[in-house]
Amino acid sequence: DVKVTQSSRYLVKRTGEKVFLECVQDMDHENMFWYRQDPGLGLRLIYFSYDVKMKEKGDIPEGYSVSREKKERFSLILESASTNQTSMYLCASTSGGETNSYNEQFFGPGTRLTVL
Amino acid sequence: TQLLEQSPQFLSIQEGENLTVYCNSSSVFSSLQWYRQEPGEGPVLLVTVVTGGEVKKLKRLTFQFGDARKDSSLHITAAQTGDTGLYLCAGLRNYKLTFGKGTLLTVNP
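Residues numbered from 1 in each chain as written. Chains lettered and ligands numbered in written order. Predicted model: local features only at pLDDT ≥ 70, side-chain atom pairs only at ≥ 80, totals over all residues. Heavy atoms only, no water.

Student: Can you walk me through the interface of chain B and chain A in this structure?
Tutor: Note: interface size is frequently given as the accessible area lost on complex formation between the parts. Each side of the interface is counted separately: chain B has 25 residues, and chain A has 26 residues. Interface area for chain B against chain A, summed over the two sides, is near 2,000 Å², with a carbon-plus-sulfur share of 55%. At the junction of chain B and chain A, the tally comes to one salt bridge. A salt bridge links Glu41 of chain B to Arg9 of chain A; the shortest N-O distance between them is 3.9 Å. Mapped onto the side of chain B that touches chain A, the elements with two or more residues apiece are strand E4 (31-37), strand E5 (44-49), strand E9 (85-93) and strand E10 (96-99) of chain B. Among the elements that line the side of chain B that touches chain A, the one with the most residues is E4 of chain B, at four residues. (Contact = heavy atoms within 4.5 Å. Buried area = accessible area lost by both parts, 1.4 Å probe. Salt bridge = Lys/Arg side-chain N within 4 Å of Asp/Glu carboxyl O. Helix = DSSP H or I, 4+ residues; strand = E, 2+ residues; numbered from the N terminus.)

Written out as structure tokens, the structure is:
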């Protein structure tokens, strides 16, 4: 059974803390993505990576950075957490180095982050 | 950034009723995907439509892609309580998915 796992389901951090969200996939997928999901705003893409050590900004990268040292692992970093980063964070992966119209994105269960 | 407008945002119906969810954009996508998300879980793909005018059926769910590949609809026949969830449409372009805001469907017994 294919899987995308995220390091925590729930996380509570304080303003100014450095926060690491980890995502691991076991499907040997090239592409990995980080989204945040907020009520009334839907899923918004923060960053994505189409290869090891490669990263591209999504629609809302401000306040975030990412790391992809190994193909199976994609980390989202909040350098200095702020209350407006309280959200549900979803990681996803998909196969294919080129655009593939049938690519299904496999999502992890999400991490609900609260910044106090 | 391409926008996907999804409607309605909320839908509460009785078991056995039919419903349609719409997903509209001014942009063309290489494909349109529909996902369903349950509380506490990530979205799970239901279907991908690629060709303009394409219709796909998944049991009681019918998905249609507009001729111009800018819009899509999801029709559920005889809804069941198990259909309750958040339905998301997403347009694929250059590796990336652009999501609609979702339709929260509640099917009451």
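Student: What's the story with the environment of Asp38 of chain A in this structure? I'm lost.
Tutor: Residue and element names in this part refer to chain A. With respect to the helices, strands and loops of the structure, Asp38 is situated in strand E4 (residues 31-38). What makes Asp38 buried here is its relative accessible area of 11%. For the pair Asp38 and Tyr89, spaced 51 residues apart in the sequence, the C-alpha separation amounts to 9.1 Å. Residue contacts for Asp38: discarding those within four places in its chain leaves Arg44, Thr86 and Ser87. Engagement of the side chain of Asp38 in a polar contact is seen with the side chain of Arg44, the distance being 2.9 Å. (Buried < 20%, exposed > 50% of the residue type's maximum accessible area, 1.4 Å probe, protein only. Polar contact = N/O pair within 3.5 Å; in protein donor to acceptor, adjacent residues only side chain to side chain.)

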